[in-house]
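Here is how the chains run, residue by residue.
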Amino acid sequence: MQSLLQDIRYGIRSLVKQPGFTAIAVITLALGIGANTAVFSVVNAVLLRALPYRDADRLVMVWEKNQRNEQNTVSPANLFDWQEQNKVFEGLAAFTDTRSNLTSDGEPEEIPTQTCTDNLFTVLGVNAMMGRTFTPEDGQPGRNNVVVISFALWQRRFGGDQNIIGRKVVLNAVEHTVVGVLPPDVKWHVTKNSQTGHAADLWKPWGINNELRQFRGRFVSAVARLKPGVTLQQAQAEMNTIASRLADQYKPFNAGYGVNVVPLRQQFAGEIRLALLVLMGAVGFVLLIACANVANLQLSRAAARQKEIAVRTALGAGRRRIVRQLLTESLLLAAAGGAAGLLLAWWGTKTLVSIRPEEFGDFQSVEISTPVLGFTFAVSVVTGVIFGLFPAFEASNIKLSDTLKEAGRSLAGNRRGARLRSALVVSEIALALVLLVGSGLLLRSFMRLQSVDTGFNAHNVLTMRVALPGSRYDNDVKRITFFTQALERMRTLPGVEAAGAINYTPFLGLGSRTSFEVPGRPQSPADQGGNTTDVCVTDQNFFNALQIPLRRGRFFSEQEVREQRHVVIINEALAKKYFPNEDALGKSIIIAMRPPEVPTEIIGIVRDAKHSQLDQDSEPMSYWPIAELPYTSMTFVLRTRGDTASVANAARTAIQTLDPQQPVADVHTLESLIGSSIARQRFNTLLLAIFAIIALLLSVAGIYGVVSYSVAQRSREIGIRTALGATAQDILRLVLKRGMTLTLLGIGIGLPAAIALTSLIKRLLFGVGSTDVLTFVSVSILLAASALLACYIPARRATRVDPLVALRYE
């Protein structure tokens, strides 16, 4: 212990005596360790931290699936058959995302809500923080006017009222009783099929009747708890058997449908799992480059300390003692870098939380926690060993008699050190190339995504959604009247050029998909995909508001929006796919959305328009007038002139003039919604680009250091060459050759590594292959040019070496 303390004291004194070296090493390590810690804090919170549910590893989502969708919502009829026939689940619960208009306790507000079976919280293993969750009695029709609220809603809307249990609230014009408040860490939100796009703040029990038990529309999500000892594979096998049985029993509805059992952790992580793992790998590369850089610095420093080490050896210090001393200094550097990296990670974590896409879930739980601190400590120790071990062994491997001579700088040991420094630089270049290629591919992919033609004009378009309570708007006439009157008022507002309505907000929510048939033609088998179409409900001015061009036919008339005339408008994708080589205009189709299913005449064909994702191909779409399928919730689409904020306030006033108790929600510009839809791609691209730039700077600094050290070591040789007649260009070429040889070798090694590793990010790319030649060539040129600049500076300095001074120094 005493000798260890001596090593530490000596190491601190040694590092303090060389503040420049110490500062550069600590900053380099802080970048690598800080980036790793910040990203790991996110990975820990999203992928590793225990979920706030009892025995969460036994929780699974249960979806229906078909050829098009692995995670399709579930039919209530199938759900109840699953409950009765399965032997692998301890419990099976269902829920659906809705919205509730809260009109008591303040201004009217729309609250993201889940309507669920009374056993949802029992299946999840969640207890209320205050009050209780639901009981079987709450699920009885007529007895379900009770609610459970989230901790966040309790704090925000009700001010943390300790007497909240038993309090009456008015939801959708109906009085409900608050029976429970959930703990703050419970945020039950399955983003894959959320109709609201937000985590629920309120839960209502389903009053399940016989009609609902037999309903075969697919609109609910299901979560189940595996019985103890039952594996995921066993559950999947049994549900496959049940699905096959139900497919035979209920044709054609279940034909082509199976069941997909997904672990809850996997469900929550979804597509962000791959993105986070890619980012974790990227910062790992940054750390390796930082280690290589500091190892290079250590080798240079050790070469300068050879006489010191030789003297200590002559005085009796063994090689093990020398290695331990040098390794202690490396660990001290790593500890300082880890401390600085922790501060950088604290700032970086806050930045990640602020810029993260909403689909990445709740990042408020991302923090520098005990596991993160442990990770930082482990990374610091491992880093210290990695960059310290080889230089320590190299420095301690000396020949005492030769090192004490003046000419010791040109000994074989230094040649070994030079080879090691060169190998480290080559590895830095190769790692940097991989990161630069990955970020280049994501950047090109993101640029392609941004340039996608949406099929409409999103500039100066404002959207706002209104959900009418079914208790007050309990028939189609009332709903149609409200929406048409609201639109008439909005069209007269100052600054509004056009106003229309659609049931699902573009780029926010799922939309609807259903089957259809063409009278007189055989229906395509369901197990082969069938005839399917997305369905939107609009008014007569929606297409003008978004400036979606009409290709053939006409738009809806005002009469067709108010009364059922059995007309429909389709997009070009549907016309091309299901009416090839013929004119679809005037044809009839039967869309399975609302009974009775009657033939609907195609009166218009419009241009394909994106509705949910820019990176998806245009799907067949049919647009129904409001009268054909009156929704309780519609989104108003306003094309404005100038300031959208003033128009939003005026539109909100117009709506509340019609109904003072009616809240307005999801007020956005359409451009911001499109931007939000590609936020994940922007996040991935931005972070990987930052890490790649850091890697580029570190690798360029590494090659600069190696070439500079080489020039210093070869000053006598350069002086002799100059004395013998070598020109400045000769010296310049000599030095550049060494640096560029290392660079090209690093690029040569990095290219096949990049080809292998970028195949892992195929799913993150759009419109660009993982082996895109332009990206690989551009990155290689960028890296070579940066290295050339780094080599040129010391090479230029070498041309100015005075041969007399160099020879006199030697």
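Residues numbered from 1 in each chain as written. Predicted model: local features only at pLDDT ≥ 70, side-chain atom pairs only at ≥ 80, totals over all residues. Heavy atoms only, no water.

With respect to the overall build of the protein chain
No. 1: Across its full length, the protein chain carries 25 helices and 21 strands.
No. 2: Here the protein chain, with 810 residues, has 53% of them falling under the buried criterion.
No. 3: For the protein chain, contacts bridging at least 24 residues in sequence account for 82% of all contacts bridging at least 6. (Helix = DSSP H or I, 4+ residues; strand = E, 2+ residues; numbered from the N terminus. Buried < 20%, exposed > 50% of the residue type's maximum accessible area, 1.4 Å probe, protein only. Contact = heavy atoms within 4.5 Å.)

Digging into the nonpolar core
No. 1: With 93 residues, the main nonpolar core has L333, F387, L435 and F691 as its most contacted residues.
No. 2: For this core, the element with the highest residue contribution is helix α9 (residues 272-304), accounting for 18 residues.
No. 3: Those residues in contact with F691, other than ones at most four positions away along the chain, are A35, V39, L279, A282, V283, V286 and L435.
No. 4: Counting 76 residues, the second-largest nonpolar core is a separate cluster that includes V561, V567, L670 and L673. (Core = buried A, V, L, I, M, F, W, Y, C linked by side-chain atoms within 4.5 Å.)

Section: unusual backbone geometry
No. 1: In this structure, N460 takes a positive phi of about 60 degrees despite not being glycine.
No. 2: Structurally, N460 can be placed in the loop between α14 (412-450) and β11 (461-467).
No. 3: Residue classification places N460 among the partly exposed positions, given a relative accessible area of 23%.
No. 4: A positive phi angle is found at D666, which is not glycine, with a value near 50 degrees.
No. 5: Relative accessible area serves as the criterion here: at 13%, D666 is assigned to the buried category.

What about a nonpolar patch on the surface?
No. 1: A contiguous nonpolar patch, built from L331, F377, V381 and V385 and spanning about 330 Å² of accessible area, is present on the exposed surface.
No. 2: The element contributing the most residues to the nonpolar patch is helix α12 (residues 370-396), with three residues.
No. 3: Locating V381 in the fold gives a position in helix α12.
No. 4: The class of V381 is partly exposed, set by a relative accessible area of 34%. (Patch = residues over 30% accessible without salt bridge, like charges linked within 9 Å, V, L, I, M, F, W, Y side chains within 5 Å. Areas by Shrake-Rupley, 256 points an atom, 1.4 Å probe, with all protein chains shown as cover. Salt bridge = Lys/Arg side-chain N within 4 Å of Asp/Glu carboxyl O.)

A word on the side chain of S439
No. 1: Topologically, S439 is positioned in helix α14.
No. 2: Accessibility expressed as a relative area gives 9% for S439, which makes it buried.

Side note on the pairing of strand β18 (residues 600-606)
No. 1: Judged by how many residues are buried, β18 sits mostly within the fold: six of seven residues are covered.
No. 2: Examined bridge by bridge, strand β15 (residues 550-553) and β18 share three bridges and lie antiparallel to one another. By the bridge assignment, R552 is partnered in β18 with I605.
No. 3: Bridge count between strand β16 (residues 567-571) and β18: five bridges; the pairing is parallel. For N571, the partnering residue across the bridge sits in β18 and is V606.
No. 4: Of the strand pairs in this sheet, strand β17 (residues 588-591) and β18 are connected by two bridges, and their pairing is antiparallel. Bridge pairing in β18 links S588 to E601. (Pairing = 2+ DSSP bridges.)

Focus on the packing of helix α15 (residues 476-491) against helix α19 (residues 644-658)
No. 1: In the contact formed by α15 and α19, the axes pass within 10 Å of each other and the chain directions differ by 140 degrees. Here α15 lies oblique to α19, going by the angle between them. In this structure, the crossing between α15 and α19 has a hand that is right-handed. Contact residues: α15 offers F482, Q485, A486, R489 and M490, while α19 offers A651, A654, I655, T657 and L658.
No. 2: A per-class count over the contact of α15 with α19 returns seven nonpolar, two polar and one charged. (Axes fitted to C-alpha atoms, helices over the stretch in contact; angles between N-to-C directions. Parallel < 35°, antiparallel > 145°, perpendicular 65-115°, else oblique. Left-handed = near helix turned anticlockwise from the far one by under 90°. Nonpolar A, V, L, I, M, F, W, Y, C, P; charged D, E, K, R; others polar.)

So, the pattern of salt bridges
No. 1: One pass over the full model with this rule turns up 29 salt bridges.
No. 2: With its nearest N and O atoms 2.9 Å apart, the salt bridge here joins R491 to D539. Note that R491 is positioned in helix α15 and D539 in the loop between β14 (532-538) and α16 (542-546), a separation of 48 residues in sequence.
No. 3: With its nearest N and O atoms 2.7 Å apart, the salt bridge here joins D730 to R733. Note that D730 and R733 are positioned in helix α23 (residues 728-758) at a spacing of three residues, about one turn of the helix.

As for the pairing of strand β13 (residues 512-517)
No. 1: Side chains S512, T514 and F516 project from β13 onto a buried face, and the interleaved R513, S515 and E517 project onto a face without burial.
No. 2: In the sheet, β13 pairs with β14 via four bridges, with the strands oriented antiparallel. In the sheet register, R513 faces β14, and the bridge partner there is D534.
No. 3: With two bridges connecting them, β13 and β17 associate as antiparallel partners. Across the sheet, F516 pairs through a bridge with I591, a residue of β17.

Looking at the packing of aromatic side chains
We describe a pair of aromatic rings using the distance from one ring centre to the other and the angle between the two ring planes.
No. 1: This model, assessed by the stated rule, comprises 20 aromatic pairs.
No. 2: When the ring of Y473 is compared with that of F482, the centres are 5.5 Å apart and the planes differ by 70 degrees; the resulting orientation is edge-to-face. Neither residue differs from the other here; Y473 and F482 are each classed as buried.
No. 3: Considering the side-chain rings of F516 and Y578, the 4.9 Å spacing of their centres and the 85 degrees angle between planes classify their relative orientation as edge-to-face. (Phe/Tyr/Trp six-rings, centres within 6.5 Å; stacked < 30°, edge-to-face > 60°.)

Re α15
No. 1: Compared with an ideal rise of 1.5 Å per residue, which puts 16 residues at 22 Å, α15 spans 23 Å between its outermost C-alpha atoms and is within 8% of the ideal.
No. 2: Three or more residues of α15 are buried, namely R479, I480, F482, F483, T484, A486, L487 and M490.
No. 3: For α15, the elements touching its buried residues are β11, β12 (496-502), α17 (558-562), β20 (633-640) and α19.
No. 4: By the N-cap criterion, in which a side-chain oxygen at the helix start approaches the backbone nitrogen of a residue two or three places on, α15 is capped by N475, the distance to V477 being 3.1 Å. (Expected span 1.5 Å × (residues − 1). Polar contact = N/O pair within 3.5 Å; in protein donor to acceptor, adjacent residues only side chain to side chain.)

Digging into the environment of F80
No. 1: In this structure, F80 sits in helix α3 (residues 76-85).
No. 2: Sequence separation between F80 and L92 is twelve residues, and the spatial gap between their C-alpha atoms is 9.1 Å.

Focus on the confidence of the model for the protein chain
No. 1: The predicted model of the protein chain has a mean per-residue pLDDT of 85, with 89% of residues at 70 or higher.
No. 2: Within the model, pLDDT remains below 50 along residues 406-413, and this stretch shows twelve contacts once partners closer than five positions in the same chain are excluded. (pLDDT = per-residue confidence, 0-100.)

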